[in-house]
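This is what each chain is made of:
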Amino acid sequence: MKLVLTEFVTLDGVSQGPGSPTEDTSDGFTRGGWLVPFIDEAFVKQTSDWLQRADGLLLGRRSYEAFARDWPQITDPDDPFTERMNSLPKYVVSRTISEGDWQPTTVLSSFEGVEELKARPGGELQVHGSARLGSALLAAGLVDLVRLVVAPTVIGAGRRLFDQPGATAGLKLAKYDATPSGLMLLEYETVGVAPVGEYEGVSAFV
């Protein structure tokens, strides 16, 4: 399977609490809900299409516990995400829990389990939320595709997606689009370490 990191971020890179002011208030965060004003029909269709490509969800413990609490409670028959989220296999990378209540769930104690999942045939193994896990997977070279929804807002506080020290990651833009509300939809393929260079003037590039 291809490992795909799917994240919602602000223009200043914050990934914490996109869906509600009360979604994630850890570390005193009070600026959640920043994605909601920009949700439109195009966003819903695209994210629903992405979810259809998943053959499994890979989550960190905190995101897993929040999703396990909230998704089974959504009963709207017209919601395009609920059935898939609740029925897909869930894989949790954690050393603090041994089992999960949101079935079907498998707990992985290390990235070796992630590598084994990637070796299986199938579509996408998608990371949703789980910013710390996603950042660590990227640094470990396990992510194949980074898929970002960038909200046109700067909130100036909160946990950022790639704020952990680690190895560099090179990315190649593979696809981009924008919704009528102003959300940028970006897909990047990973290409190893981030390239660097030294500017020697315009003539070096023409």
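Predicted model only: the values in this text are computed from it and were never measured. In every chain, residue numbers begin from 1 and rise along the written sequence. Totals for whole chains, interfaces and linings use all residues, but because this is a predicted model, local features are given only for residues with pLDDT of at least 70 and pairs of side-chain atoms are given and counted only at 80 or more. Excluded from the side-chain calculation are hydrogens and water; included are all heavy atoms of the structure.

Participant: Give a description of the pattern of salt bridges that names residues and reports values.
Facilitator: A pair is scored as a salt bridge if a Lys or Arg side-chain nitrogen falls within 4 Å of a carboxyl oxygen belonging to Asp or Glu. Tallied over the full model, the rule gives nine salt bridges. For aspartate 12, the salt bridge is made with arginine 160, and the minimal N-O distance between the two is 3.5 Å. Remark: arginine 160 occurs in the loop between strand S6 (145-151) and strand S7 (171-178) and aspartate 12 occurs in the loop between strand S1 (2-10) and helix H1 (41-52); sequence separation between them is 148 residues. Among the ionic pairs, aspartate 24 bridges to arginine 159, the shortest N-O distance being 2.7 Å. Of this pair, aspartate 24 sits in the loop between S1 and H1 while arginine 159 sits in the loop between S6 and S7, and the two are 135 residues apart along the sequence. Of the two residues examined, aspartate 24 and arginine 159, each falls in the buried class. Via salt bridges that share partners, Asp24, Arg62 and Arg159 belong to a single interconnected network. The numbering of helices and of strands both runs from the N terminus, where a helix is a DSSP run of H or I of at least 4 residues and a strand a run of E of at least 2. Only protein chains enter the accessibility calculation, which uses a 1.4 Å probe; a residue is then buried when its area is under 20% of its type maximum, exposed when over 50%, and partly exposed in between.

Participant: Can you explain the layout of surface pockets? Please cite residues and give values.
Facilitator: The calculated volume of the largest pocket comes to roughly 1500 Å³. Residues are called lining when one of their atoms sits within 4 Å of a cavity or pocket point, these points coming from a 1 Å grid over the protein atoms alone, where a cavity is a set in which a 1.4 Å probe fits but cannot get out and a pocket is an open set with protein on both sides within 12 Å along at least five of seven lines. Around the largest pocket, the lining is made up of 45 residues, and of these Glu23, Ser63, Phe67, His128 and Gly129 lie nearest the centre. Among the secondary structure elements, those contributing two or more residues to the lining of the largest pocket are S1, H1, helix H2 (61-70) and helix H5 (131-139). With seven residues, H2 is the single largest residue contributor to the lining of the largest pocket. The classification used treats Ala, Val, Leu, Ile, Met, Phe, Trp, Tyr, Cys and Pro as nonpolar, Asp, Glu, Lys and Arg as charged, and all other residues, Gly among them, as polar. Looking at the lining of the largest pocket residue by residue, the classes come out as 18 nonpolar, 16 polar and eleven charged. Grid points are joined across faces, edges and corners, and a volume is the space filled by probe spheres set on the points.

Participant: Before we move on, can you summarise the pairing of strand S2 (residues 54-60) with the specific residues and values?
Facilitator: Counting buried positions along S2 yields six of seven residues, so the element is predominantly enclosed. Summarising the sheet, S2 and strand S5 (residues 124-128) pair through four bridges and their orientation is parallel. Bridge assignment links leucine 58 to a residue of S5, and that residue is valine 127. When DSSP finds two or more bridges between two strands, those strands count as paired. Here S2 runs beside strand S3 (residues 90-93); their pairing, made up of four bridges, is parallel. Across the sheet, residue leucine 58 finds its bridge partner in S3, namely tyrosine 91.

Participant: Describe the nonpolar core, listing the residues and the values that go with them.
Facilitator: Grouped together as the largest cluster of nonpolar side chains are 23 residues, with contacts concentrated most on Leu3, Leu58, Leu108, Val114, Leu125, Leu137 and Val143. Contributions of two or more residues to this core are made by S1, S3, helix H4 (111-118), S5, H5 and S6. Of all the elements, H5 adds the most residues to this core, at four residues. Only heavy atoms matter for contacts: two residues are in contact if any of them lie within 4.5 Å across the pair. Discounting chain neighbours no more than four positions away, the residues touching leucine 58 are Leu3, Tyr91, Val93, Leu108, Val114, Leu125, Gln126, Val127, His128, Ser130, Leu133 and Leu137. As used here, the term nonpolar core means buried Ala, Val, Leu, Ile, Met, Phe, Trp, Tyr and Cys residues forming a set that is joined through side-chain atoms within 4.5 Å.

Participant: I'd love a proper account of H2, names of residues and values included.
Facilitator: Turning to H2, its buried residues are Ser63, Tyr64 and Phe67. Buried positions in H2, seen along its axis, are confined to an arc of 100° and lie on one side of it. Where H2 is buried, its residues touch S2, helix H3 (82-87), S3, strand S4 (105-108) and S5. Starting at the helix axis, one direction is taken to each C-beta atom, and the arc is that of these directions.

Participant: Would you mind going over H1 in detail, with residue names and values included?
Facilitator: The first and last C-alpha atoms of H1 sit 17 Å apart over twelve residues, in line with the 16 Å expected at 1.5 Å per residue. Buried residues of H1: Phe43, Thr47, Ser48, Trp50 and Leu51, and no others. Each buried residue of H1 lies within a common arc of 155° when the element is viewed along its axis, so the set occupies one face. Among the exposed residues of H1, those oriented more than 90 degrees off its buried face are Glu41 and Lys45. Packing partners of the buried residues in H1 comprise S1, S2, H3, S5, S6 and strand S8 (184-190). Take the residue count of a helix, subtract one, and multiply by 1.5 Å to get its expected span.

Participant: Account for the sheet that holds S6, with residues named and values stated.
Facilitator: Taken together, the eight strands give an open sheet; going across it, the order is S4-S3-S2-S5-S1-S6-S8-S7, and neighbouring strands pair in mixed fashion. Of all the strands in the sheet, the pair left with one neighbour each is S4 and S7. Across the sheet, the mean angle separating the axes of adjacent strands is 25° when strand polarity is ignored. In terms of strand pairing, S3 meets S4 through four bridges, oriented parallel. Note that in S4 the partner of valine 92 across the bridge is valine 107. Note on geometry: axes are lines fitted to C-alpha atoms, helical ones only across the stretch in contact, with angles between N-to-C directions running from 0 to 180 degrees.

So yeah, pure geometry; function would need other evidence.
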